[in-house]
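Residues per chain, in single letters:
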Amino acid sequence: MQEKKINGKTLRIMIGDITERDTDAIVNAANNYLKHGGGVAGAIVRKGGQIIQEESDRIGFVPTGSAAITTAGSLKAKYIIHAVGPKWGESQEEEKLKNAVLSSLRLANDYKLKTISFPAISSGIYGCPKNMVAKVLINTAAEYLKNYNTTLELIEFCLFDEESFRYFKEEFDKI
Ligand code: ADP
């Protein structure tokens, strides 16, 4: 685990399973229909319970680059923020990914949350290059902490594997 202070707030990168995190919110790498089948989404619903899928079904469609919030069932986190990142090859991937992160951070602020944990959105089934995802996620979070007066005191990136962690560390070290 590594941490940096930005404007008195903490930016953290770590290796772990995001479904185990006890941050106020964990972010899900969701699809437009919030159908949580595979990847991190599948793991969140399997562990947190069908209530998460039921609340998601009541929300329905979420455009790429935005986010929606549900409770977190039996997980330690209080909320799931479902962020919809781009699929690689659909155009303007970096901008959409940045918007998905910003939408998640704004929702967390609206709910007055203090801590949030993100996975490497779009870098799994959606096929975006891990170095691009690391760059956009780290820089968007760092800029947000620098420029906005937010309730958030911690933004964490919980990476599932060593390779993803290395890409995030490369960007983290440049901040
Ligand atoms: P997407 O469809 O947006 O690419 P995925 O769920 O396929 O979403 O993958 C996003 C990232 O989340 C990948 O880097 C994957 O390795 C990672 N991941 C999968 N399961 C977990 C987990 N339990 N905790 C943290 N990260 C996870």
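The coordinates are above.
Below is a short write-up of the structure. (Residues numbered from 1 in each chain as written. Predicted model: local features only at pLDDT ≥ 70, side-chain atom pairs only at ≥ 80, totals over all residues. Heavy atoms only, no water.)

**Some details on the site of the ligand**
Then, in step 1: Lining the immediate surroundings of the ligand are 14 residues, of which Asp17, Val40, Ser123, Gly124 and Ile125 lie closest.
Then, in step 2: With respect to the ligand, the side chain of Asp17 contributes an N or O atom lying 2.9 Å from a nitrogen atom.
Then, in step 3: Within the contact set of the ligand, a nitrogen atom lies 2.9 Å away from a backbone nitrogen or oxygen of Ile18.
Then, in step 4: About the coverage of the ligand: the protein hides 90% of its 560 Å² of free accessible area.
Then, in step 5: Looking at side-chain class alone, the shell around the ligand contains 8 nonpolar, 5 polar and 1 charged residues. (Near = heavy atom within 4 Å. Polar contact = N/O pair within 3.5 Å; in protein donor to acceptor, adjacent residues only side chain to side chain. Areas by Shrake-Rupley, 256 points an atom, 1.4 Å probe, with all protein chains shown as cover. Nonpolar A, V, L, I, M, F, W, Y, C, P; charged D, E, K, R; others polar.)

**Details of the packing of helix H4 (residues 130-147) against helix H5 (residues 162-172)**
Then, in step 1: Contact geometry of H4 with H5 gives a least axis separation of 8 Å together with a crossing angle of 45°. Comparing their axes, H5 and H4 come out oblique. Crossing angle aside, the handedness with which H4 passes H5 is right-handed. Contacts from Lys130, Asn131, Val133, Ala134, Lys135, Leu137, Ile138 and Asn139 of H4 reach H5 at Glu163, Ser164, Tyr167, Phe168, Glu171 and Phe172. (Axes fitted to C-alpha atoms, helices over the stretch in contact; angles between N-to-C directions. Helix = DSSP H or I, 4+ residues; strand = E, 2+ residues; numbered from the N terminus. Parallel < 35°, antiparallel > 145°, perpendicular 65-115°, else oblique. Left-handed = near helix turned anticlockwise from the far one by under 90°. Contact = heavy atoms within 4.5 Å.)

**Concerning the pattern of salt bridges**
Then, in step 1: Under the criterion given, the structure shown has 13 salt bridges.
Then, in step 2: A salt bridge links Glu143 to Lys98, with the shortest nitrogen-to-oxygen separation between them at 4.0 Å. Here the residue Glu143 occupies a position in helix H4, and Lys98 occupies one in helix H3 (residues 93-110), the gap between them amounting to 45 residues.
Then, in step 3: Through salt bridges with shared partners, a single ionic network connects Glu3, Arg12, Arg21 and Glu156. (Salt bridge = Lys/Arg side-chain N within 4 Å of Asp/Glu carboxyl O.)

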